[in-house]
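Descriptive analysis of the structure
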Amino acid sequence: MLLCSRRNLLLRQSRTMSQRGPMLAPSPVALAFPHIQWDPLGSLRLTAQETALLRMAETNPIGYTLADARDATMYARVLLKLLAEAAAAGAGFGAVSTISKPCDEKTALEALEEDPLGVVSHYAVTKLHSIITTLMSGTTVTVGNVFYSGKDGLLIDQWKALLRLLNKGGHGDLFAQSGAALCLALILVTACPSMQTAAKDDSAKTGSASYASAVEPLEALTAWIVSQLKSATGSNIGIAIPAMTALMAATETRHLFSASGGIKYLARQLRASSKRSTAGSDQNSRAGSATVQQLYELTFCLWCMTYELNGSPNIRADFVKDGAAVEALTLMVSTAPREKVVRVALAALVNLAQCTADEAPEPPGMTKVDGGVFLTDMLACKLLKYIQFLQDRQFTDPDIVEDIKILHKLLSVNYKEMSRWEVYKTEVESGHLQWGSTHTEAFFKENARMLEGKDSDFKLLKVLIALLSSKDDEIAAIACHDIGEFVRFYPNGRAIAKRLGAKELVMPLIEHENVDLQRHALQCVSKMMVQHWEYVK
């Protein structure tokens, strides 16, 4: 089975991630690290032994410092103390927090002089990440040995220093926050039973790490990541991506991410980031569009989550909410920012198209969601058209070629089983309107009466009227067109459209800055006002 082989691929990638973790970008003031003087920094309240340990760690290879569990534990705790004391003394809001790009040594030293505690925070985060990734790479001492203590393997209290950095909100130091979130994620994921099982299968030592002691911190970290997905825009989304990617390594954290609303906000963020990137240019990353690498990482996380579809009705329900996930992945395929993005997006779409409810059926009262539901959403997003375009391209990656074949076959079969009205109905219900053969005079002459609905509640017409308020100008323009055609071809359609509030929403669009939307709005209003539109036309 293809899905089984892909699950094995994810497991391999998860294990690779567990061995080294996501990368942390260099601190913009990294060149100042060797020049930090510990003695004058009294606010850090370091003991003579702690200062000596920091100096020793600077002169010896990190592998030497971490070779002994006691030394490694002491070194990690000193770094966590640096973060706690620096934050308590006001670090995170000084000059260093305003520096986003790597600076030369002169500028870094100026930052050290002006904001020494800010540089110390960057130093501590960088060294902590180095410790964690080194321990993950297969040393005798493990993350469990260093960050979990006692015979029960309880998480050490000093982890809270990392969470305090995150709670500074959007006004804090972005590098320190992103690095602290990543370090905390890597520490906590180690305790997940699925990761410990995988490590045992690989004959690796995990050390004693209690998952129970990590659950509450994981919930707090996941809530922070989801809050970033909700509120972050453009390049700022990068603050949460490394930690979120780390959480994708374990089954437990993927389920926790879903339970926190993560899938919905991840899909929406990917959709919004893709649209901003498409609307802007490559030079616009500073102006608010996500980078190609960020689009890849967001898509990768969504792909990881698709491996929980068969085992969880709640995760299937989260993926189908407002169609955001399918739309976002379709955008990745249609805009094709890079081949690696297309590869992961296609793989996620295949998993959605092939998922079943057999293994974990929905409880009574919950709507069944399976691959057929997602295929219908994909057709509404015009994925079949984009897949046909991709068939004409040459790809060196056999996985991409295979996924294109699978999706084309599944979508074609599904499309043949749907009438033109069903295709239109699905498109309107999804909210992803695109110009095509179902938005024509001929279509509405034949199908205008279908908008009445089985219960004569004009439910689909109400959806079209709601889409007049869409922030997407093309969707609003198509809604104007379709409502106007309904008015023309449905008996007493003018009165029905007016009664449902269409006129009030269309009128302001006549003065919209988008010329195409303005034109369709004017035509729609005219059709509502004039009885014999065809003569005016």
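Attention in this report is confined to the structure presented alongside it. (Residues numbered from 1 in each chain as written. Predicted model: local features only at pLDDT ≥ 70, side-chain atom pairs only at ≥ 80, totals over all residues. Heavy atoms only, no water.)

Looking at the overall build of the protein
- A count of helices and strands for the protein gives 29 helices and 2 strands.
- Across the 537 residues of the protein, 53% fall into the buried class.
- Residue pairs at least 24 apart in sequence account for 75% of intrachain contacts in the protein once pairs closer than 6 positions are excluded.
- As displayed, the protein has an accessible area near 24,300 Å², and 52% of this comes from carbon and sulfur atoms. (Helix = DSSP H or I, 4+ residues; strand = E, 2+ residues; numbered from the N terminus. Buried < 20%, exposed > 50% of the residue type's maximum accessible area, 1.4 Å probe, protein only. Contact = heavy atoms within 4.5 Å. Areas by Shrake-Rupley, 256 points an atom, 1.4 Å probe, with all protein chains shown as cover.)

Observations regarding the environment of Thr139
- Its place among the elements puts Thr139 in the loop between helix H6 (116-136) and helix H7 (143-147).
- Overall, Thr139 belongs to the partly exposed group, its relative accessible area being 29%.
- Taking the C-alpha atoms as reference, Thr139 lies 7.6 Å from Ala67; in sequence the two are 72 residues apart.

So, the pattern of salt bridges
- Under the defined criterion, the tally for this structure stands at 17 salt bridges.
- The partner of Arg519 in a salt bridge is Asp516, with the nearest N and O atoms 2.6 Å apart. Of the two residues, Arg519 and Asp516 both sit in helix H28 (residues 515-529), 3 residues apart, roughly one turn of that helix.
- With relative accessibility at 42%, the residue Arg519 sits in the partly exposed group. (Salt bridge = Lys/Arg side-chain N within 4 Å of Asp/Glu carboxyl O.)

Overview of the packing of helix H15 (residues 292-305) against helix H17 (residues 324-335)
- Contact pair H15 / H17: the axes reach a minimum separation of 11 Å and the direction vectors enclose 135°. Taken as axis vectors, H15 and H17 run oblique relative to one another. The interaxial crossing formed by H15 with H17 has left-handed handedness. Along the contact surface, H15 presents Leu295, Thr299 and Leu302, while H17 presents Ala325, Leu329 and Met332.
- In the contact of H15 with H17, the residues fall into 5 nonpolar, 1 polar and no charged. (Axes fitted to C-alpha atoms, helices over the stretch in contact; angles between N-to-C directions. Parallel < 35°, antiparallel > 145°, perpendicular 65-115°, else oblique. Left-handed = near helix turned anticlockwise from the far one by under 90°. Nonpolar A, V, L, I, M, F, W, Y, C, P; charged D, E, K, R; others polar.)

A word on the side chain of Thr73
- The residue Thr73 is located in helix H4 (residues 69-88) in this model.
- Owing to a relative accessible area of 16%, Thr73 belongs among the buried residues under this scheme.
- A distance of 2.8 Å separates a polar atom in the side chain of Thr73 from the backbone oxygen of Ala69.
- Apart from residues lying up to four places away in sequence, Thr73 is in contact with Asn145 and Val146. (Polar contact = N/O pair within 3.5 Å; in protein donor to acceptor, adjacent residues only side chain to side chain.)

Some words on the environment of Ala328
- Among the structural elements, Ala328 can be located in helix H17.
- For Ala328, a relative accessible area of 0% translates into the label buried.
- In the structure, Ala328 is positioned 29 residues away from Thr299 in sequence and 8.6 Å away in space, judged by C-alpha atoms.
- Non-local contacts of Ala328, meaning those with residues more than four positions away in its chain, are made with Ala267, Leu270 and Arg271.

A closer look at helix H21 (residues 398-416)
- Here H21 spans 27 Å end to end across 19 residues, near enough to the 27 Å set by a 1.5 Å rise per residue.
- Backbone nitrogen of Asp399 and a side-chain oxygen of the N-cap are separated by 2.8 Å at the start of H21; the cap is Asp397. (Expected span 1.5 Å × (residues − 1).)

Some details on unusual backbone geometry
- Even without a glycine there, the phi angle at Lys382 is positive, about 65°.
- Relative to the elements of secondary structure, Lys382 occurs in the loop between helix H19 (371-380) and helix H20 (383-391).
- Lys382 gets classed as buried once you look at its relative accessible area, which sits at 18%.
- One non-glycine residue with positive phi stands out, namely Asn492, at about 60°.

As for H6
- Across its 21 residues, H6 extends 30 Å between first and last C-alpha, which sits within 8% of the 30 Å expected from 1.5 Å per residue.
- Two residues or fewer after H6 comes Gly138, characterised by a positive phi angle close to 110°.

Quick look at the state of the cysteines
- Counting across every chain of the model gives 0 disulfides.
- Summary of cysteine pairing: Cys304 is not part of a disulfide, and the nearest cysteine sulfur, belonging to Cys301, is at 6.1 Å. (Disulfide = S-S within 2.5 Å.)

Some remarks on the side chain of Asn310
- Considering the arrangement of structural elements, one finds Asn310 in the loop between H15 and helix H16 (313-320).
- Polar contacts involving the side chain of Asn310 include one to the main-chain amide nitrogen of Thr356, which spans 3.0 Å.

Focus: the nonpolar core
- Counting residues in each nonpolar core, the largest one holds 144 residues, and the members touching the most others are Phe147, Leu221, Met244, Phe319 and Met378.
- Ranked by residues supplied to this core, first place goes to helix H9 (residues 174-189) with 12 residues.
- Excluding its chain neighbours within four sequence positions, the residues that come into contact with Met244 are Ile225, Leu229, Phe257, Leu266, Leu298 and Cys301.
- Judged by nonpolar contacts, the second largest core, of 35 residues, contains Leu460, Leu467, Ala502 and Ala521. (Core = buried A, V, L, I, M, F, W, Y, C linked by side-chain atoms within 4.5 Å.)

Description of a negative patch on the surface
- The grouping of Asp104, Glu105, Glu110, Glu113 and Glu114 at the surface amounts to a negative patch.
- We classify Glu113 as exposed; its relative accessible area is 69%. (Patch = residues over 30% accessible without salt bridge, like charges linked within 9 Å, V, L, I, M, F, W, Y side chains within 5 Å. Lys, Arg positive; Asp, Glu negative; His and termini not counted. Charge placed at Lys NZ, Arg CZ, Asp CG, Glu CD.)

Notes on the packing of aromatic side chains
- Within this structure, the stated rule accounts for 13 aromatic pairs.
- Relative to Tyr307, the ring of Trp303 lies with its centre 5.4 Å away and its plane at 85°, an arrangement referred to as edge-to-face.
- For Trp303, a relative accessible area of 4% puts it in the buried group.
- The class for Tyr307 is buried, based on a relative accessible area of 2%.
- With centroids separated by 5.1 Å and ring planes inclined at 50°, the aromatic side chains of Tyr424 and Phe443 adopt a geometry described as tilted. Residue Tyr424 is found in helix H22 (residues 420-430), and its partner Phe443 is found in helix H23 (residues 441-447); the two are separated by 19 residues along the sequence. When sorted by exposure, Tyr424 lands in the same class as Phe443, which is buried.
- One aromatic cluster is present, formed by Tyr296, Phe300, Trp303 and Tyr307 through successive ring pairs. (Phe/Tyr/Trp six-rings, centres within 6.5 Å; stacked < 30°, edge-to-face > 60°.)

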